[in-house]
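# Notes for the structure review
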Amino acid sequence: MSDEMTDETATAEPQADAPRIVPTHTGALPEAEVERITADLIGVLKTVYDPEIPVDIYELGLIYKVDLDDDRNLVIDMTLTAPGCPVAGEMPGWVENAARSVEGIQDVRVNMVFDPPWDASRMSEEAQVALNWW
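No experiment lies behind these values; they were computed from the predicted model shown. (Residues numbered from 1 in each chain as written. Predicted model: local features only at pLDDT ≥ 70, side-chain atom pairs only at ≥ 80, totals over all residues. Heavy atoms only, no water.)

The next point concerns the overall build of the chain. Of regular secondary structure, the chain possesses four helices and five strands. Along the chain direction, N to C, the helices and strands of the chain fall in the order β-β-α-α-β-β-α-β-α. Expressed as a percentage of its 134 residues, the buried residues of the chain come to 40%. Considering only contacts in the chain between residues 6 or more positions apart, those separated by 24 or more positions represent 63%. Taken as a whole, the chain presents about 7,100 Å² of accessible surface, with 50% of it coming from carbon and sulfur. (Helix = DSSP H or I, 4+ residues; strand = E, 2+ residues; numbered from the N terminus. Buried < 20%, exposed > 50% of the residue type's maximum accessible area, 1.4 Å probe, protein only. Contact = heavy atoms within 4.5 Å. Areas by Shrake-Rupley, 256 points an atom, 1.4 Å probe, with all protein chains shown as cover.)

Written out as structure tokens, the structure reads:
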């Protein structure tokens with residue numbers, strides 16, 4: 001059985017102050033611990049930037065899904081703004097290293113996915129303002 005954190009922007013419009021990764025907790029980890037891991041994970045994801053865009057990958061909406069199991073292993077599905085991104089080979093490693101820094105995480109696997117394709121509608125308001133796309 002696994003706990004799952006999913007990016008709800010694919011299915012519902014997030015509330016202004018709601019996190020873009022929302023935990024769905026059904027496993028053995030205490031809910032407070034899942035919430036702490038989620039908050040810490042969001043914090044470290046916000047330190048990873050596409051070098052060509054002055055916005056972090058979390059606010060860009062590049063993180064599609066995060067699964068957290070009862071053994072504290074993370075599986076992260078992410079994408080890029082474009083499949084031909086020059087850092088496509090490096091960014092998954094950056095995300096993995098950032099996620100490994102979250103206290104209590106045992107292992108991390110990052111999957112690069114391109115379905116659905118990323119588009120600007122996945123960006124937060126913060127990202128849109130930073131890029132003057134509003």
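Further notes follow.
What follows deals with unusual backbone geometry. Cis peptide bonds are those with omega within 30 degrees of zero, and the linkage from Asp115 to Pro116 qualifies with 5°. Along the chain, the position of Pro116 falls in the loop between β5 (107-112) and α4 (125-130). Unlike most non-glycine residues, Arg72 shows phi in positive territory, near 70°. Note on placement: Arg72 falls in the loop between β3 (63-69) and β4 (73-78).

Turning to the pattern of salt bridges, a few remarks are in order. This structure, assessed with the given rule, holds nine salt bridges. One salt bridge in this structure joins Asp67 and Lys65, with 3.8 Å as the shortest N-O distance. Salt bridges sharing common partners tie together Glu33, Arg36, Asp40 and Arg72. (Salt bridge = Lys/Arg side-chain N within 4 Å of Asp/Glu carboxyl O.)

Okay, the nonpolar core next. The biggest cluster of nonpolar side chains holds 36 residues, and the ones touching the most others in it are Leu41, Ile57, Leu74, Ile76, Met91 and Val95. Considering every element that reaches this core, the biggest residue donor is helix α1 (residues 31-45), with six residues. (Core = buried A, V, L, I, M, F, W, Y, C linked by side-chain atoms within 4.5 Å.)

Our focus in this paragraph is α1. Between the first and last C-alpha of α1 there are 21 Å, a value that for 15 residues agrees with the 21 Å anticipated at 1.5 Å per step. Among the residues making up α1, those that are buried are Glu33, Val34, Ile37, Thr38, Leu41, Ile42, Val44 and Leu45. (Expected span 1.5 Å × (residues − 1).)

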